[in-house]
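Architecture at a glance
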Amino acid sequence: MLAEDRITRARALLGVPFRLHGRCAASGVDCIGLVAMAANRVPQAPAGYSLRTTQDERWIALLDAMAERIDQREAGALLLLRPGPAQLHLGLWTGTSLIHADAGVRRVVETPGVPRWPVIGIWQLTNKD
């Protein structure tokens, strides 16, 4: 799947309610569900996690297993972010904005500009997917 296709699929979810472990537009998604749906990888998406975690290595290893780690943001990239202590967040970079399931505003949003949170890592899915 091309990066443009992932971005289009993610934008189709704008406004969908936030729901922890959500994997369905009708009932809601979380940040992992949003990215999984945009990448057409819902069956592979992990579950059973909490909003708070200190398991950075676990999430980095999962992303390393499914995508190629890259050095700079590029359209269609997955960004692992740290919005606060013991918090991780995943979003899809469009090239000019971040599409993510925002727990604070309780829905999927597209935030223009560079993410306001520290970036822990950046991954790109291959176009073969």
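This text goes with the structure placed above it.
Let us look at the structure shown here.

With respect to the pattern of salt bridges
Pairing between side chains of opposite charge can happen when their charged atoms approach one another. Taken as a whole and assessed by the stated rule, the structure comprises 5 salt bridges. When the shortest N-O distance is used, the salt bridge between D102 and R116 registers 3.9 Å. Remark: R116 occurs in the loop between β7 (107-112) and β8 (119-124) and D102 occurs in strand β6 (residues 97-102); sequence separation between them is 14 residues. Residue classification places R116 among the exposed residues on the basis of a relative accessible area of 57%.

Focus on the pairing of β6
Of all 6 residues that make up β6, 6 are buried, and the element is covered over most of its length. Side chains S97, I99 and A101 of β6 all project onto a buried face; the interleaved residues L98, H100 and D102 project onto the opposite face, where all are buried too. Two strands pair when backbone bridges link them, and strand β5 (residues 89-93) and β6 are joined in this way by 2 bridges, in the antiparallel orientation. Residue pairing for β6: W93 is matched across the bridge by L98. Remark: 3 residues form the turn of the hairpin made by β5 and β6, two consecutive strands paired antiparallel; G95 in that turn has positive phi of roughly 115°. Both β6 and β7 contribute to a ladder of 6 bridges, which runs antiparallel. Counted as the bridge partner of A101 is V108 from β7. Connecting β6 to the next strand, β7, in antiparallel fashion are 4 residues, including R106 with a positive phi near 65°.

A short note on the layout of surface pockets
Space inside the largest pocket adds up to approximately 580 Å³. Along the walls of the largest pocket sit 31 residues, with C31, I32, L88, H89 and L90 positioned nearest its centre. Contributions of two or more residues to the lining of the largest pocket are made by α2 (31-38), α3 (56-66), β5 and β6. Residue classes in the lining of the largest pocket are distributed as 21 nonpolar, 6 polar and 4 charged.

Re the packing of helix α1 (residues 3-11) against α2
Two elements in contact, α1 and α2, have axes separated by 8 Å at closest approach and are oriented at 130°. In terms of orientation, α1 and α2 fall into the oblique class. Regarding α1 and α2, the two cross each other, and that crossing is right-handed. Across the interface between the two elements, R6, R9 and A10 from α1 touch L34, M37 and A38 from α2.

Observations regarding the side chain of Q124
In this structure, Q124 sits in strand β8. Side-chain polar atoms of Q124 contact the side chain of E74, separated by 3.1 Å. Excluding anything up to four places from it in sequence, Q124 contacts R6, A67, E68, I70, E74, A75, G76 and A77.

Calculation criteria
Residues numbered from 1 in each chain as written. Predicted model: local features only at pLDDT ≥ 70, side-chain atom pairs only at ≥ 80, totals over all residues. Heavy atoms only, no water. Salt bridge = Lys/Arg side-chain N within 4 Å of Asp/Glu carboxyl O. Helix = DSSP H or I, 4+ residues; strand = E, 2+ residues; numbered from the N terminus. Buried < 20%, exposed > 50% of the residue type's maximum accessible area, 1.4 Å probe, protein only. Pairing = 2+ DSSP bridges. 1 Å grid on protein atoms, 1.4 Å probe; cavity = no way out; pocket = protein on both sides within 12 Å on 5 of 7 lines; lining within 4 Å. Points joined across faces, edges and corners; volume = space filled by probe spheres on them. Nonpolar A, V, L, I, M, F, W, Y, C, P; charged D, E, K, R; others polar. Axes fitted to C-alpha atoms, helices over the stretch in contact; angles between N-to-C directions. Parallel < 35°, antiparallel > 145°, perpendicular 65-115°, else oblique. Left-handed = near helix turned anticlockwise from the far one by under 90°. Contact = heavy atoms within 4.5 Å. Polar contact = N/O pair within 3.5 Å; in protein donor to acceptor, adjacent residues only side chain to side chain.

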